[in-house]
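Listed below, chain by chain, are the residues.
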Amino acid sequence: LPLGKAPSSFFLSSQAKMSRPVQAQRLEGVDKNLWVEYVKLAATYAKVNLGQGFPDFPPPDFLKEAFTRVVRGEDHTVHQYTRAFGHPPLVKMLAQLYGKLLGQDLDPMSNVMVTVGAYQALFCCIQAFVDKGDEVVIIEPFFDCYEPMVRMAGGTPVFIPLRPKAPKDGKLMSSADWQLDPAELASKFSERTKALVLNSPNNPLGKVYSRAELELIADLCMKHDALCISDEVYEWLIYDGRENVRIATLPGMWDRTVTIGSAGKTFNVTGWKVGWTVGPNQLLQHVRTMHQNSVYHCATPTQEVVAQGFQRELEHYGKPDSYFIQLPRELQQKRDQLIQSLVAVGMKPVVPEGTYFLVADISEFKSEVPDVPNSDKPYDSRFANWMLKNKGLAAIPLSTFYCEAHKNNYSNFIRFCFAKEDATLKAAEDILQKWKLEKAGP
Amino acid sequence: MLSAPRSFCCLGIRTYRLRTDLLSRSIKSSASGTMAFRRKNARRTEGLDSNVWVEFTKVAADPSIVNLGQGLPDICPPSYVKEELANAAAVDRLNQYTRGFGHPSLVKALSQVYERVCGRKIDPLTDILVTVGGYGSLFSAIQALVEEGDEVIMIEPFYDCYEPMVKMAGGKPVFIPLRNKNGGSSASSADWVLDPAELASKFNSKTKAIILNTPHNPIGKVFTREELQVIADLCIKHDTLCISDEVYEWLVYKGNKHIKIATLPGMWERTITIGSAGKTYSVTGWKLGWSIGPQNLIKHLQVIHQNTLYTCSTPLQEALAQAFWIDYKRMDDPDCYFHSLPRELESKRDRMAQLLREVGLKPVIPEGGYFMIVDVSMLNVDLSDVDKNQPYDYKFVRWMISSKKLSAIPLSAFCGPETKGQFEKYIRFCFIKKDSTLDAAEVILKNWKKQTA
């Protein structure tokens with residue numbers, strides 16, 4: 001027994017300690033993550049993995065060469081700490097590029113901050129602004145981390161779905177056909193609304209919001225004095241010559257928008273984990289506070305190489321050999337190839353306007369995996385699991401991108417990633433073709 | 001507006017038109033009263049925006065200043081470490097996402113190295129989390145385990161991020177200073193000790209954790225087994241966690257041994273041990289660290305990690321794994337970098353100490369780490385007419401930077417509010433510097449001596 005303490009008080013205090021969980025309350029409800037499960041399953045069963053969103057073809061040569069040069073170079077300061085809010089050569093390039101894109105005069109030191117991937121940018125933005133009692137509007141389907149990040153910050157997510165409109169006769173649905181209902185959207189805003197998280201181009205649908213749609217969102221943000229956290233990581237992956245409008249360029253929005261970008265998606269190097277935030281100093285100052293009290297510095301070598309990558313791109317801007325032009329051109333072909341394969345077997349793909357994802361309606365295949373009423377798993381999840389284990393083809397159920405309460409609302413879709421080598425897409429096509437023949441029977 | 005099917009080609013013209021269009025629209029909208037975002041930033045960010053580094057790392061950019069301030073090695077990392085990064089970058093797959101909680105080959109290598117060091121089985125998948133530097137591990141551990149109502153003990157002087165991180169998690173920092181047991185001047189980091197009774201008085205039913213840092217930044221103290229046992233006993237008695245920041249674990253000088261508090265009886269189940277690639281391999285810019293501990297604690301850090309940045313850099317992790325394999329195989333060999341680096345640094349430590357003595361200073365010789373503190377009050381530099389609100393060491397360092405072109409870090413940056421007075425006569429020098437940097441420091445210090453003579 002401890003000296004000098006009455007036995008009962010010692011017992012009571014240690015009882016109190018033991019009855020409380022060791023972990024902080026902020027972890028409540030955010031511990032599950034479906035990707036951990038998907039990655040494990042895919043590793044075991046997938047012959048062709050069109051599931052998780054990363055390319056299986058190489059980054060551009062100019063970037064790989066730059067990496068080797070930087071790592072082996074004479075200047076070994078590249079292996080030591082750099083400026084915490086962003087390596088100077090990189091923030092200068094980002095300020096130059098985004099200054100052009102957003103029509104603003106940007107100071108690299110105060111209008112740009114580098115993060116560990118766009119993921120950490122989202123974290124810093126949400127933590128910087130969301131408090132207990134704050135509401136954050138999230139548009140479904142959404143990149144799944146938005147919800148737990150808002151909850152972990154003590155905020156309340158308020159969901160609004162994109163609703164699919166039936167396409168014109170005989171045509172395939174487009175991601176443009178998934179739209180917000182203006183009255184419904186307005187009803188989601190209140191005096192407690194701190195922010196709206198926008199993702200355009202959208203993962204998983206591939207939707208690229210039109211100017212009119214962005215104006216709708218912008219008007220509500222301004223009316224309710226809400227912040228816009230704009231996840232634009234797929235900004236260069238736009239197809240069919242569509243225009244990409246950035247919400248920060250709309251009148252009144254620069255002052256209330258933080259725009260997020262990603263080297264991983266821009267240059268096909270998801271494993272480098274280099275992202276950034278761009279916005280007014282008045283907002284970024286708080287994002288910086290979060291960053292300096294969480295990771296502080298980002299890795300130097302990868303920032304240096306990304307800076308060199310941007311330098312090359314700024315020199316080639318608008319020219320045919322610009323990677324920002326070549327990559328979407330290449331991906332558009334892959335998109336079209338996958339669409340063809342899916343249509344041929346009876347899946348109904350939704351043609352994405354952007355990103356390297358598309359979703360496909362698998363209703364025609366329901367006989368393979370019968371509906372089970374009162375199942376704890378949404379239909380698309382059971383379907384995707386079955387397809388993976390029986391056909392070796394990995395895709396992600398769309399319900400992954402909905403909140404718990406809405407997981408059964410759109411459960412006939414699965415998401416495919418088409419940022420894959422032609423051989424991979426061909427192998428997927430072969431699996432689908434074989435499946436179709438099996439379904440047709442003898 | 002120019003309608004551009006190919007939005008890139010005409011960017012120049014389009015931007016111009018976009019700007020004028022925006023300008024006219026913004027004039028209209030400010031007339032209609034759209035205002036800037038007026039809502040508050042989150043409470044957790046309040047009061048945590050400034051830190052000592054903002055001012056003193058700017059110094060690093062000025063080439064005319066000999067920078068012995070920030071803990072930034074200017075020595076070259078081992079060549080095989082750089083080579084492994086070049087090798088990793090050449091593999092396409094290694095430029096894409098890897099496992100969130102840590103790249104498989106790296107957690108495997110870490111488990112092997114640390115099994116050897118700790119003498120116990122470490123599961124690479126459940127007992128290890130790879131983070132963005134030791135800093136990221138501190139953040140993940142504190143966010144996972146500390147909340148409103150929790151007290152966290154930290155030993156002064158402390159690495160400055162501990163305090164804001166605990167506050168940001170809603171916790172209350174409780175300070176206890178290391179005290180110079182010799183009173184007067186101190187010759188060694190071993191002189192600085194905790195008073196056991198004072199330490200015991202800091203623990204109560206609200207104490208969630210104690211943050212330990214050994215080898216210690218800034219003093220360089222290497223806690224002995226007996227000292228660790230005192231801390232361990234209190235942790236066990238009060239059912240408290242221990243967050244053990246051991247980033248300088250290999251940098252221990254002759255006559256000293258680094259002991260992991262997690263290896264003491266009853267401590268593995270309540271300790272998170274933090275390590276750093278930056279300090280292990282002299283690559284602070286790689287920003288890779290790790291937390292090692294029992295599954296029932298690490299799993300909570302993993303939850304934080306999956307909701308903050310999800311994965312760390314793949315090529316850097318792969319390169320680090322390969323470097324660890326190289327050194328793991330020769331862990332008993334003096335050529336192993338874990339042993340050769342402290343040997344190299346020990347001679348730099350001794351040189352630095354000698355230079356400081358020549359100016360009439362008495363440096364506190366560190367038993368570990370790559371920092372050295374020194375009491376500058378004996379130089380009697382009168383700064384009483386300069387900003388009275390600033391602690392003496394801040395004023396001294398600023399004066400030293402501008403008049404001597406030599407930088408260091410003021411020690412009061414590493415203290416809680418009550419103790420700043422005790423430590424404001426000390427400044428911290430970093431000696432993980434190449435010979436030419438130490439030569440330049442020598443010139444400054446020799447001239448300084450001449451001037452004061």
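Residue positions are counted from 1 within each chain, in the order its sequence is given. Key to labels: chains lettered from A, ligands numbered from 1, both in the order written. Local features in this predicted model are restricted to residues of pLDDT 70 or higher, and side-chain atom pairs are both shown and tallied only at a pLDDT of 80 or more, whereas totals for entire chains, interfaces and linings draw on every residue. Excluded from the side-chain calculation are hydrogens and water; included are all heavy atoms of the structure.

**Q** Just checking my understanding: could you explain the overall build of chain A for this structure?
**A** Working definition: helices are DSSP H or I runs of at least four residues, strands are E runs of at least two. Numbering for both runs from the N terminus. The helix and strand tally for chain A stands at 14 helices and 15 strands. Radius of gyration here uses only the C-alpha atoms, and the compact-globule reference equals 2.2 Å multiplied by the residue count raised to the power 0.38. The C-alpha radius of gyration of chain A comes to 23 Å, within 12% of the 22 Å expected for a compact globule of 442 residues. On the principal axes, the C-alpha backbone points of chain A span a range of 85 × 65 × 50 Å. The buried label applies to any residue whose accessible area, calculated with a 1.4 Å probe on protein chains only, is under 20% of its type's maximum; exposed applies above 50%, and partly exposed to all values in between. In chain A, which comprises 442 residues, the share counted as buried stands at 64%. Taking the contacts inside chain A whose residues are at least 6 apart along the sequence as the reference set, 73% of them involve residues at least 24 apart. Here, two residues are considered to be in contact whenever any of their heavy atoms come within 4.5 Å of each other.

**Q** Sorry if this is basic, but what is going on with the overall build of chain B here?
**A** Broken down by element type, chain B carries 15 helices and 15 strands. Over its C-alpha atoms chain B spans a radius of gyration of 25 Å, differing by no more than 12% from the 22 Å that the globule rule assigns to 453 residues. If one aligns the C-alpha atoms of chain B with their principal axes, the spans along those axes are about 80 × 60 × 50 Å. When the 453 residues of chain B are sorted by exposure, 63% land in the buried category. Within chain B, residue pairs in contact and separated by at least 24 positions form 71% of the contacts whose partners lie at least 6 positions apart. If you sum the accessible surface of chain B, you get close to 16,900 Å²; carbon and sulfur atoms cover 53% of it. His is not counted, nor are the chain ends; Lys and Arg add positive charge and Asp and Glu add negative charge. A single reference atom marks each charge: NZ on Lys, CZ on Arg, CG on Asp, CD on Glu. Charged side chains of chain B number 57 positive and 50 negative; the gap between the two group centres comes to 6 Å. Every accessible area reported is derived by Shrake-Rupley at a probe size of 1.4 Å, with residue values counting cover from the shown protein chains alone.

**Q** Looking at this structure, I do not really get the interface of chain B and chain A. What am I missing?
**A** Note: interface size is frequently given as the accessible area lost on complex formation between the parts. On the side of chain A, 102 residues touch chain B, which itself brings 95 residues to the contact. Using a 1.4 Å probe, buried area is obtained as the accessible area two parts lose upon being combined, added over both of them. Of the roughly 8,400 Å² buried at the junction of chain B and chain A (both faces included), carbon and sulfur atoms supply 54%. Counted as salt bridges are all cases of a side-chain nitrogen of Lys or Arg within 4 Å of a carboxyl oxygen of Asp or Glu. One can count three salt bridges joining chain B with chain A. Ionic pairing is found between B:Arg43 and A:Asp131, a salt bridge with its closest N-O pair at 4.0 Å. Any N or O atom pair separated by 3.5 Å or less is treated as a polar contact, with the protein-specific requirement of one donor-capable and one acceptor-capable atom, and with residues adjacent in sequence counted only for side-chain atom pairs. At the boundary of chain B and chain A, one finds 49 residue pairs in polar contact (both at pLDDT 80 or more).

**Q** Please explain the pattern of salt bridges as it appears in this structure.
**A** Should their charged atoms come close, side chains of opposite charge can pair. Counted under the stated rule, the structure contains 46 salt bridges over all chains. In this structure, a network of salt bridges that share partners links the residues B:Arg351, B:Glu358, B:Asp439, B:Glu442 and B:Lys446.

**Q** I'm lost on the side chain of A:Ser322 in this one. Help?
**A** Residue and element names in this part refer to chain A. Relative to the assigned elements, Ser322 resides in the loop between α11 (300–315) and α12 (323–345). Only 3.1 Å separates the side chain of Ser322 from the backbone nitrogen of Phe324, close enough to count as a polar contact. With residues up to four places along the chain from it excluded, the contact list for Ser322 reads Arg312, Glu313 and His316.

**Q** Sorry if this is basic, but what is going on with the sheet that holds strand β7 (residues 207–213) of chain B here?
**A** Whether parallel or antiparallel, the strands of a sheet pair through hydrogen bonds between backbone atoms. Residues and elements named next belong to chain B. The strand order β2-β10-β9-β8-β7-β3-β4 describes an open sheet built from seven strands, whose pairing is mixed. Each of the sheet's edge strands pairs with one partner strand only, and the pair in question is β2 (128–131) and β4 (172–177). The average angle at which neighbouring strand axes cross in this sheet is 20°, direction not considered. Whether two strands pair depends on DSSP finding at least two bridges between them. Where β7 lies against strand β8 (residues 241–245), five bridges are found, and the strand directions are parallel. Bridge pairing links Ala209 to Leu241 in β8. Geometry is summarised by axes, namely lines fitted to C-alpha atoms with helices restricted to the contacting stretch, and by angles between N-to-C directions that run from 0 to 180 degrees. Where helix α8 (residues 225–237) meets the sheet, it contacts β7 and β8, and its direction lies at approximately 165° from that of β7.

**Q** Can you walk me through the UniProt feature "domain: Aminotransferase class I/classII large" (unreviewed entry) in chain A in this structure?
**A** UniProt positions are given in the numbering used here, feature names are shortened, and annotations may be inferred rather than shown by experiment. The feature "domain: Aminotransferase class I/classII large" (unreviewed entry), as annotated in UniProt, sits at residues 47–427 of chain A in this numbering. Split by type, residues 47–427 of chain A is 37% helix and 16% strand. Its first and last C-alpha atoms lie 9 Å apart.

**Q** I keep staring at the side chain of B:Ser137 and nothing clicks. Help me out?
**A** Residues and elements named next belong to chain B. Relative to the helices and strands, Ser137 is located in helix α5 (residues 133–145). A polar atom in the side chain of Ser137 sits 2.7 Å from the side chain of Thr131. In this structure the side chain of Ser137 is engaged in a polar contact, spanning 3.3 Å, whose partner is the backbone oxygen of Trp290. In this view, Ser137 contacts Thr131, Ile274, Gly289, Trp290 and Ser291; residues no more than four positions away in its chain are not counted.

**Q** Is there a simple way to explain the domain arrangement of chain B in this structure?
**A** Residue and element names in this part refer to chain B. Each domain span listed reflects an automatic or database assignment of domains. Here chain B is partitioned into domain 1 (51–75 + 336–450) and domain 2 (79–330). The distance between the C-alpha centroids of domain 1 and domain 2 comes to 25 Å. Counting each side, the surface lost to burial between domain 1 and domain 2 is near 3,400 Å², with a carbon and sulfur contribution of 58%. Taken as a group, Phe338, Glu367 and Phe414 account for 24% of the area that domain 1 buries against domain 2, more than any other trio of residues on that side. Connecting domain 1 to domain 2 are one salt bridge. Of the charged contacts in the structure, one is a salt bridge between Glu346 and Lys254, with a shortest N-O distance of 3.8 Å. Here domain 1 is connected to domain 2 by 19 residue pairs in polar contact (both at pLDDT 80 or more). Counting residues per element, the ones that place at least two in the side of domain 1 that touches domain 2 are α2 (52–56), α12 (337–358), β11 (362–364), β12 (371–375), α14 (420–423) and β15 (426–430).

**Q** Help me out: how do you make sense of the domain arrangement of chain A in this one?
**A** Residue and element names in this part refer to chain A. By the assigned domains, chain A splits into domain 1 (30–59 + 323–440) and domain 2 (61–316). For domain 1 and domain 2, the distance between their C-alpha centres works out to 25 Å. Taken together, the contact between domain 1 and domain 2 spans 39 residues of the former and 48 residues of the latter. In this assembly, domain 1 packs against domain 2 so that about 3,800 Å² is buried in total across both faces, 62% of it on carbon and sulfur atoms. The largest contributions to the domain 1 side of the interface with domain 2 come from Pro59, Phe324 and Glu353, which together make up 23% of the buried area. Inspection of the domain 1/domain 2 interface yields two salt bridges. The partner of Glu353 in a salt bridge is Arg242, with the nearest N and O atoms 2.6 Å apart. The interface formed by domain 1 and domain 2 contains 20 residue pairs in polar contact (both at pLDDT 80 or more). Going through the elements one at a time, α12, β11 (348–350), β12 (357–361) and β15 (413–417) are the ones with two or more residues in the side of domain 1 that touches domain 2. Tallying contributions element by element places α12 first for the side of domain 1 that touches domain 2, with nine residues.

**Q** Mind showing me how you'd approach the confidence of the model for chain B here?
**A** Interpretation of the predicted coordinates at a detailed level should be avoided for regions scoring low in pLDDT. Residues and elements named next belong to chain B. For chain B, per-residue confidence averages 90 on the pLDDT scale, and 92% of positions sit at 70 or higher. With pLDDT under 50 throughout, residues 1–33 is counted as low confidence; its partners more than four residues away or in other chains account for 33 contacts. Across the assembled chains, the prediction reports ipTM 0.94 with pTM 0.93. Confidence scores per residue from the predictor, reported as pLDDT, run from 0 to 100.

**Q** How do you make sense of helix α14 (residues 422–440) of chain A when you look at a structure like this?
**A** Since there are 3.6 residues in each turn of an α-helix, residues three or four apart along the chain are aligned in direction. All names here are of chain A. Here α14 is 19 residues long and its end C-alpha atoms lie 27 Å apart, about the 27 Å a rise of 1.5 Å per residue gives. Each element contacted by the buried residues of α14 is listed here: β1 (48–49), α12, α13 (379–391) and β13 (393–394). Gly441 sits one or two positions beyond α14 and adopts a positive phi of about 85°. An expected span of 1.5 Å times one less than the residue number is assigned to each helix.

**Q** I would appreciate a short explanation of the sheet that holds β15(A) in the present structure.
**A** All names here are of chain A. Spatially, β11-β12-β15-β14 is the arrangement adopted by the four strands of the open sheet, whose pairing is antiparallel. The open sheet has two edge strands with one neighbour each: β11 and β14 (396–397). Relative to β15, β12 runs antiparallel, the two being bridged by five bridges. Its bridge partner lying in β15, Leu358 is registered against Phe416. Running at roughly 10° to β12, α12 makes contact with β11, β12 and β15 of the sheet.

**Q** Can you help me understand the pairing of strand β10 (residues 275–278) of chain A in this one?
**A** Consecutive residues of a regular strand have side chains that alternate between opposite faces of the sheet. All names here are of chain A. Residues Gly275 and Thr277 of β10 are buried on one face, and the alternating residues Trp276 and Val278, pointing to the opposite face, are buried as well. The pairing of strand β2 (residues 112–115) with β10 spans four bridges and is classified as antiparallel. Across the sheet, Val114 pairs through a bridge with Trp276, a residue of β10. For strand β9 (residues 257–262) and β10, the ladder comprises four bridges, and the chain directions are antiparallel.

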